[in-house]
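# Descriptive structure summary
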Amino acid sequence: MNEPSLFDNQEADHLKAAMPLAARMRPRSLDEMVGQSHLLAEKGLLRRMVAAGRLGSILLHGPPGTGKTTLATLLASAVGADWIQLNAISSGVKDVREALASARDRVATGQRPPVLFIDEIHRFNKSQQDALLADVESGVIHLIGATTSNPHFAVNAALISRSRLFDLRPIDAKDMQAVLRTAIENTERGLGKRDRQGRRIEITDDAIEHLATACDGDARRALTALELAVDSGGSSDRTDTQAVVVDIEAARTAIVPGVAGYDGTGDDHYDLASALIKSIRGSDVDAAIYWLARMLEGGEDIRFLCRRLVILASEDVGNADPQALPLAVSAMQACEMIGLPEAQLTLAQTVAYLALAPKSNAATIAIGTARREIKSGTVLPVPMALRCTHYAASKSLGHGEGYVYAHDEPGGIAAMDYLGVDRSYYQPVDRGFEAVLQDRLKQIRSQIRAGTTAPET
């Protein structure tokens, strides 16, 4: 075998120098992985799978920058498997089939099953995911899929049932500081305390702390910000030409704009929507406004927000405040007409009103109870008095017999049976306007069931 030439070494050095700091600092072994101790414990499932040399099918899910791709490559290396990589955004069924055919050929010649890594696997449609099942079951491939979405929402149930799911968590601030300090000091792959011009790097503790906390557990984002702060010369008011000083201001400037930890189609979409709804339901107006702001800053569709607020107005406020629903509907119409950024004012007003409104889910419980009874097989016939009389033969069938026109009765309440059985589905609470309805309902039910009519009012 030919020894690398001087030119080969120079080319390798140039390629290495061109790599971003985040790429250079990727862990080279499972022991170098930071922040995923819940997965990589010595006697944990992943370690046992590696020791057995059989990975099977794995789904890695977690926020960006938590090391999903890195972990997949390290697992492949640890079991000595060849690496085949596809990206679900750019790959189709043909690419999947070619990759699987290549894997079968390798196994047929006595080689180990390769690792097939599919990034953004949640973007594969059902047919693409189904194409993987046979070879996953037969052991032709070790499938590792990575996704920022909750796999239970985004991946076929058939593939989930054949896979082990591992969640990668955002790296906490303490571990992130360790990552940053290693990148600064490491002479082989990191900065080696020098910038590209050879000047020494001085970074303050508060700058490290800011980078570690402001990047929301995303190591790639934190390392990219560190590299940008150093490359841009650190603090602009420093005159020392022999050093690059990265202070808190330089660290703030280097953070790439955007809302960390928000994927409008993934877990964040559902988690933040859940937080917004539960905060309004719990009457915490400040929390509700914050979660609304998070979603707006993340680019959430205002139509989705409006729909959720209209639903909440009936589901959680109900008749405790009858104005909640028309207000939410008006907000939806207003947002459709004016759009962002002005629509944020309408949304904030509506969220504040709904959060502070008295709450009742009595209507929600009532319809849910009635529908469950019907689904269970308890179907009541329509009483004869209430049946349609708008055709000639209806009277001969007894339709309408015994019906009392309520408007002709004192108080507008007719003493008759409208259901045929004794049922109480709607139970108003004693909050807001529903407390008034509660008193009125008691009176009406007693009148109907006693066969009496209400006094004229």
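Residue indices follow the written sequence of each chain, beginning from 1 at its first position. With the structure being a predicted model, the display of local features is reserved for residues of pLDDT at least 70 and the display and counting of side-chain atom pairs for 80 or more, all residues being used for whole-chain, interface and lining totals. In computing side-chain properties, one takes all heavy atoms of the structure into account and sets aside hydrogens as well as water.

The subject of this paragraph is the sheet that holds strand E3 (residues 115-119). Strands in a sheet are paired, the pairing made by backbone hydrogen bonds, and the direction either parallel or antiparallel. Reading across from one edge, E2-E3-E4-E1-E5 is the order of the 5 strands in this open sheet, with parallel pairing throughout. Lying at the two open borders of the sheet, with one neighbouring strand each, are strand E2 (83-87) and strand E5 (164-167). Each strand axis lies, on average, 20° off the axis of its neighbour in the sheet, ignoring direction. Only strands joined by at least two bridges in the DSSP assignment are considered to pair. Per the convention used, a helix needs a DSSP run of H or I reaching at least four residues, while a strand needs a run of E reaching at least two, with both numbered from the N terminus. The pairing of E2 with E3 spans 5 bridges and is classified as parallel. Across the sheet, the residue bridging to Asn87 is Asp119, located in E3. Residue contacts follow a heavy-atom distance rule, with two residues in contact if any of their heavy atoms lie within 4.5 Å. For helices, the fitted axis covers only the stretch in contact; all axes are lines through C-alpha atoms, and the angles between them, taken along N-to-C directions, range from 0 to 180 degrees. Its contacts with the sheet put helix H6 (residues 93-108) on E2 and E3, and the angle it makes with E2 is roughly 170°.

In this section: the packing of aromatic side chains. Two rings belonging to Phe, Tyr or Trp (six-membered ring only in the last case) form a pair when the distance between their centres is within 6.5 Å. Interplanar angles under 30 degrees mark stacking, angles over 60 mark edge-to-face geometry, and anything in between is tilted. With the rule as written, the count across this model stands at 2 aromatic pairs. Between Trp83 and Phe117, the aromatic rings sit 5.3 Å apart at their centres with planes inclined by 20°, giving stacked as the arrangement. One end of the pair, Trp83, is in strand E2; the other, Phe117, is in strand E3, with 34 residues separating them in the sequence. The classification of residues rests on relative accessible area computed with a 1.4 Å probe and restricted to protein chains. Under 20% of the type maximum is buried, over 50% is exposed, and intermediate values are partly exposed. When its relative accessible area of 30% is taken as the criterion, Trp83 is described as partly exposed. What makes Phe117 buried here is its relative accessible area of 0%. On the basis of an interplanar angle of 75° and a centroid distance of 5.0 Å, the ring pair of Tyr290 and Trp291 is categorised as edge-to-face. The class of Trp291 is partly exposed, set by a relative accessible area of 24%.

The subject of this paragraph is unusual backbone geometry. Pro341 follows Leu340 through a cis peptide bond whose omega is 10°. Structurally, Pro341 is set in the loop between helix H17 (324-338) and helix H18 (343-356).

For the rest of this paragraph, the subject is the pattern of salt bridges. Any two side chains of opposite charge can pair if their charged atoms end up close together. One speaks of a salt bridge when a side-chain nitrogen belonging to Lys or Arg is within 4 Å of a carboxyl oxygen belonging to Asp or Glu. On inspection of all chains with the given rule, the structure shows 20 salt bridges. Measuring nitrogen to oxygen at the nearest pair gives 3.0 Å for the salt bridge that ties Arg47 to Asp31. On the criterion of sequence distance, the pair formed by Arg47 in helix H4 (residues 45-52) and Asp31 in the loop between helix H2 (21-24) and helix H3 (37-40) is long-range, its members being 16 residues apart. Looking at Arg47, the relative accessible area reads 16%, which means it is buried. The class of Asp31 is exposed, set by a relative accessible area of 60%. Taken together, the shared-partner salt bridges in this structure form one network comprising Arg24, Arg196, Glu227 and Asp231.

With respect to the helices, strands and loops of the structure, Asp218 is situated in the loop between helix H11 (205-214) and helix H12 (219-231). This count recognises Lys and Arg as positive and Asp and Glu as negative, with His and chain-terminal groups excluded. Despite being buried, Asp218 has no salt bridge partner; Arg220 is the closest side chain of opposite charge, sitting 4.7 Å away. Under this definition, polar contacts are N or O atom pairs within 3.5 Å; protein pairs additionally need one hydrogen-donor-capable and one acceptor-capable atom, and for neighbouring residues in sequence, both atoms have to be side-chain atoms. Separated by 3.1 Å, the side chain of Asp218 and the backbone nitrogen of Arg220 make a polar contact. Residues contacting Asp218, with those up to four places away along its chain left out, are Pro64, Gly65 and Met176.

Before going further, it helps to examine the nonpolar core. Soluble globular proteins: nonpolar side chains tend toward being buried together. In these notes, a set of buried Ala, Val, Leu, Ile, Met, Phe, Trp, Tyr and Cys residues joined through side-chain atoms within 4.5 Å is what counts as a nonpolar core. Judged by nonpolar contacts, the single largest core of 30 residues is most densely connected at Leu180, Ile203, Leu211, Leu223, Leu226 and Val246. Sorting the residues of this core by element identifies H2, helix H10 (173-185), strand E6 (200-203), H11, H12, strand E7 (243-246) and helix H13 (248-254) as the ones contributing at least two each. Excluding residues that lie within four positions of it along the chain, Leu226 makes contacts with Leu21, Leu180, Ala183, Ile184, Leu191, Ile203 and Leu211. Counting 28 residues, the second-largest nonpolar core is a separate cluster that includes Val285, Ala288, Leu292 and Leu312.

Next up on the list: the pairing of E3. In terms of burial, E3 is a largely internal element, 5 of the 5 residues being buried. Along E3, one buried face is formed by Val115, Phe117 and Asp119 and the opposite face, lined by Leu116 and Ile118, is buried too. Between the parallel elements E2 and E3, the chain passes through H6 in a crossover that is right-handed. Taken together, E3, helix H7 (residues 126-138) and strand E4 (residues 142-147) constitute a β-α-β crossover, and its handedness is right-handed. With the strands pointing away from the viewer, any crossover whose connection runs clockwise from the first strand over the helix to the second is right-handed.

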